[in-house]
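# Architecture at a glance
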Amino acid sequence: MTDLEGRGAHPRAVRPARQTADLPPGYPREYRRLVMLRDGRSVLIRPILPSDAPALAEAIESADADTIRRRFLGGHLQVTPGLLEYLTTVDYTSRFALLAVEPASQRGVAIARYEPAEQDGAADVAIAVTPGWRDAGVATELLRMLAQAASERGIHTFTGTYLADNRPVTGLINAADEPATQVTSRGITEFSVPLPPDRGPWGPITRGHR
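Residues numbered from 1 in each chain as written. Predicted model: local features only at pLDDT ≥ 70, side-chain atom pairs only at ≥ 80, totals over all residues. Heavy atoms only, no water.

So, about the environment of Glu85. Relative to the assigned elements, Glu85 resides in helix H3 (residues 81–88). What makes Glu85 exposed here is its relative accessible area of 52%. Spatially, the C-alpha atoms of Glu85 and Ser51 are 9.4 Å apart, while their sequence positions differ by 34 residues. (Helix = DSSP H or I, 4+ residues; strand = E, 2+ residues; numbered from the N terminus. Buried < 20%, exposed > 50% of the residue type's maximum accessible area, 1.4 Å probe, protein only.)

With that settled, the discussion passes to the side chain of Glu102. Position of Glu102 among the secondary structure elements: in strand S3 (residues 96–102). It turns out Glu102 is buried and unbridged, and the closest side chain with the opposite charge, Arg107, is 7.0 Å from it. A distance of 2.7 Å separates a polar atom in the side chain of Glu102 from the backbone nitrogen of Ser105. The residues contacting Glu102, other than those within four sequence positions of it, are Arg107, Val109 and Trp133. (Lys, Arg positive; Asp, Glu negative; His and termini not counted. Salt bridge = Lys/Arg side-chain N within 4 Å of Asp/Glu carboxyl O. Polar contact = N/O pair within 3.5 Å; in protein donor to acceptor, adjacent residues only side chain to side chain. Contact = heavy atoms within 4.5 Å.)

Attention shifts here to the pattern of salt bridges. Applying the stated rule across the entire model yields 6 salt bridges. Note that Glu115 and Arg95 form a salt bridge whose closest N and O atoms lie 2.6 Å from each other. Residue Glu115 is found in strand S4 (residues 107–116), and its partner Arg95 is found in the loop between H3 and S3; the two are separated by 20 residues along the sequence. Here Glu115 matches Arg95 in class, with each residue buried. Of the charged contacts in the structure, one is a salt bridge between Glu141 and Arg144, with a shortest N-O distance of 3.0 Å. With Glu141 and Arg144 both in helix H4 (residues 138–152), this residue pair falls 3 residues apart, about one helical turn. Residue Glu141 shares its accessibility class with Arg144, and that shared class is buried.

Here we take up the environment of Ala59. Mapped onto the secondary structure, Ala59 falls in helix H1 (residues 53–61). Separated by 49 residues in the primary sequence, Ala59 and Gly108 have C-alpha atoms spaced 9.8 Å apart.

Counting 47 residues, the largest nonpolar core has Val43, Leu142 and Phe158 as the members making the most contacts within it. Elements that contribute at least two residues to this core include exactly strand S2 (42–47), S3, S4, strand S5 (122–129), H4, strand S6 (157–163), helix H5 (167–174) and strand S8 (188–194). Considering each element in turn, this core owes the most residues, 9 residues, to H4. If you look at the next biggest cluster of nonpolar residues, it comprises 7 residues, including Ala53, Leu56, Ala57 and Ile60. (Core = buried A, V, L, I, M, F, W, Y, C linked by side-chain atoms within 4.5 Å.)

Although it is not a glycine, Tyr92 sits at a positive phi angle of roughly 60 degrees. In this structure, Tyr92 sits in the loop between H3 and S3. With phi around 60 degrees, Asp135 is a residue other than glycine that occupies positive phi space. Residue placement: Asp135 occurs in the loop between S5 and H4. On the basis of relative accessible area, Asp135 is assigned to the exposed category, the value being 73%.

Next up on the list: the pairing of strand S7 (residues 181–185). Here S7 pairs with S8 via 5 bridges, running antiparallel. Pairing of Val183 across the sheet is with Glu190, part of S8. Taken together, S7 and the strand that follows it, S8, pair antiparallel across an intervening segment of 2 residues, in which Arg186 is found at a positive phi of about 55 degrees. (Pairing = 2+ DSSP bridges.)

The strands that make up a sheet are held in pairs by hydrogen bonds between backbone atoms, and each pair lies either parallel or antiparallel. An order of S1-S2-S3-S4-S5-S6-S8-S7 is seen for the 8 strands of this open sheet, with the pairing classed as mixed. Where the open sheet ends on each side, the last strands, each with one partner, are strand S1 (33–36) and S7. Taking each pair of neighbouring strands and ignoring which way they run, the sheet shows an average axis angle of 25 degrees. In the sheet, S1 pairs with S2 via 4 bridges, with the strands oriented antiparallel. (Axes fitted to C-alpha atoms, helices over the stretch in contact; angles between N-to-C directions.)

Any functional reading would require information that these geometric values do not contain.
Here you go:
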């Protein structure tokens, strides 16, 4: 659960699709919700679209050195058209990603995703929030909705790997209602959080639009 798009990055404005014809097959419109955060601001949370690729590319390329270290555990990522297509084109079942957008500017401010894990019924989860939107609850809202989507698609466990000194991620894991398993070795923590079918680990699962 580490930054995918880059801590400190400010993506370009993302224009949501206006017509049904613009949406990919299987696009889950029920996950398009306007959410009020605890600081009074609102964000539109929606499933990712292939058209989000330019904003994603800018965010990764403009990430600071600390973000690169945290996200890639000391490595680096080469942004290619193929990678961007992979990250923004998902099947909304085994691979799912949610984007949080500031309604007035249509600027993407956070993203969360899950990808298949080696264990059956498990998925690796990751999240990134731009600096001006941290500590407002957007990460928790994204994780709550992502857990709902995962649970409805037969996934029972979220897993992930992060640097042990990444305190925001540690805080999110510790805030889960369900007890998480965490193992740290050589500065890297692996975690596992169960996803109950009737209640997500970050609060009640809600159905339908918000």
